[in-house]
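Understanding the architecture of this molecule
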Amino acid sequence: MKFFKYTAFLFLLLILPFAGYSQSKVPGIIPIPQHWQWKKGSTDFSTIKTIVLGTNSDKQDRFTAEKIQQNLSDLFNIKVNIKSEDNVSSIQHAIIIGNPSKSELTRHLVKPNELTQKMKKAGYVLKLSGSSAVIAGESATGRFYGAMSLNQLLRSSDTPTLRDISISDYPTMKFRGVSDDMSRGQVSTEKNIKKIIRFMARYKMNA
């Protein structure tokens, strides 16, 4: 009997920190962002009409925009267009993806000095504010990670309305990955490998 009481006590010690953690206002993002601040208000993504690519965006940024576009369609049947900054004039009802040092629309919501030295290679700022959202980063990799954080927030919600938030994030470790054990005859199929790659991308793994 003493053994069971001791075991139950240890179990409670183990789960109590996680119980408090789950009830805290940590955003539903893995890995947990370096910094975040909840804001008053919410953003209804059903009103979003456009994903705007900032000035000097490249093919990777378009790929990033397409991942958000697909996610909104799959989750909530929301259809949005992808346009370049040159073809729009407003940040209302839009998701802006860009480098604030080069994109005027991005700079309306994120100042260049908000991207610190640690965020240069793979960091990002993600802000939801009323009728718009912005993903800002100096690198295309950082902007992709910001999009994956947004996609995770959308996937963790039952509705397309998210509480407004400001996130500043960058990877703690240079390499983040998985090991696929192919010994003893268990070799992944092409379909499995593609699924693994999509999973890794969603959670910002790179190895």
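Right above here is the structure, for reference.
Residues numbered from 1 in each chain as written. Predicted model: local features only at pLDDT ≥ 70, side-chain atom pairs only at ≥ 80, totals over all residues. Heavy atoms only, no water.

Further remarks concern a positive patch on the surface. Taken together, K67, K191, K195 and R198 make up a surface patch of like positive charges. With three residues, helix α5 (residues 190-202) is the largest single contributor of residues to the positive patch. If you trace the backbone, K191 turns up in helix α5. A relative accessible area of 70% means that K191 is categorised as exposed. (Patch = residues over 30% accessible without salt bridge, like charges linked within 9 Å, V, L, I, M, F, W, Y side chains within 5 Å. Areas by Shrake-Rupley, 256 points an atom, 1.4 Å probe, with all protein chains shown as cover. Salt bridge = Lys/Arg side-chain N within 4 Å of Asp/Glu carboxyl O. Lys, Arg positive; Asp, Glu negative; His and termini not counted. Charge placed at Lys NZ, Arg CZ, Asp CG, Glu CD. Helix = DSSP H or I, 4+ residues; strand = E, 2+ residues; numbered from the N terminus. Buried < 20%, exposed > 50% of the residue type's maximum accessible area, 1.4 Å probe, protein only.)

Attention shifts here to the packing of aromatic side chains. Tallying each qualifying case throughout the model produces three aromatic pairs. A centroid spacing of 6.2 Å and a plane angle of 25 degrees characterise the contact between F63 and F144, whose relative ring orientation is stacked. In this pair, F63 sits in helix α2 (residues 59-76) while F144 sits in helix α4 (residues 140-155), placing the two residues 81 residues apart along the sequence. With a centroid separation of 4.9 Å and an interplanar angle of 55 degrees, the aromatic rings of F199 and Y203 are classed as tilted. Since its relative accessible area comes to 42%, F199 is described here as partly exposed. What links up through ring pairs into an aromatic cluster is the set F63, F144 and Y145. (Phe/Tyr/Trp six-rings, centres within 6.5 Å; stacked < 30°, edge-to-face > 60°.)

Spatial ordering of the open sheet is given by β1-β7-β5-β6-β4-β2-β3, a layout of seven strands whose pairing is mixed. The strands lining the two open edges of the sheet, one partner per strand, are β1 (35-44) and β3 (81-84). With direction set aside, neighbouring strand axes in the sheet form an average angle of 20 degrees. The pairing of strand β5 (residues 124-129) with strand β6 (residues 132-136) spans five bridges and is antiparallel. Directly across from K127, in β6, lies its bridge partner V134. (Pairing = 2+ DSSP bridges. Axes fitted to C-alpha atoms, helices over the stretch in contact; angles between N-to-C directions.)

Here we come to the layout of surface pockets. Put simply, the largest pocket is a space of about 390 Å³. Taken together, 15 residues make up the lining of the largest pocket; nearest its centre are K67, M148, R155, R198 and R202. Of all the secondary-structure elements, those providing two or more residues to the lining of the largest pocket are α2, α4 and α5. The biggest single contributor to the lining of the largest pocket is α5, with six residues. Of the residues belonging to the lining of the largest pocket, the class tally is six nonpolar, three polar and six charged. (1 Å grid on protein atoms, 1.4 Å probe; cavity = no way out; pocket = protein on both sides within 12 Å on 5 of 7 lines; lining within 4 Å. Points joined across faces, edges and corners; volume = space filled by probe spheres on them. Nonpolar A, V, L, I, M, F, W, Y, C, P; charged D, E, K, R; others polar.)

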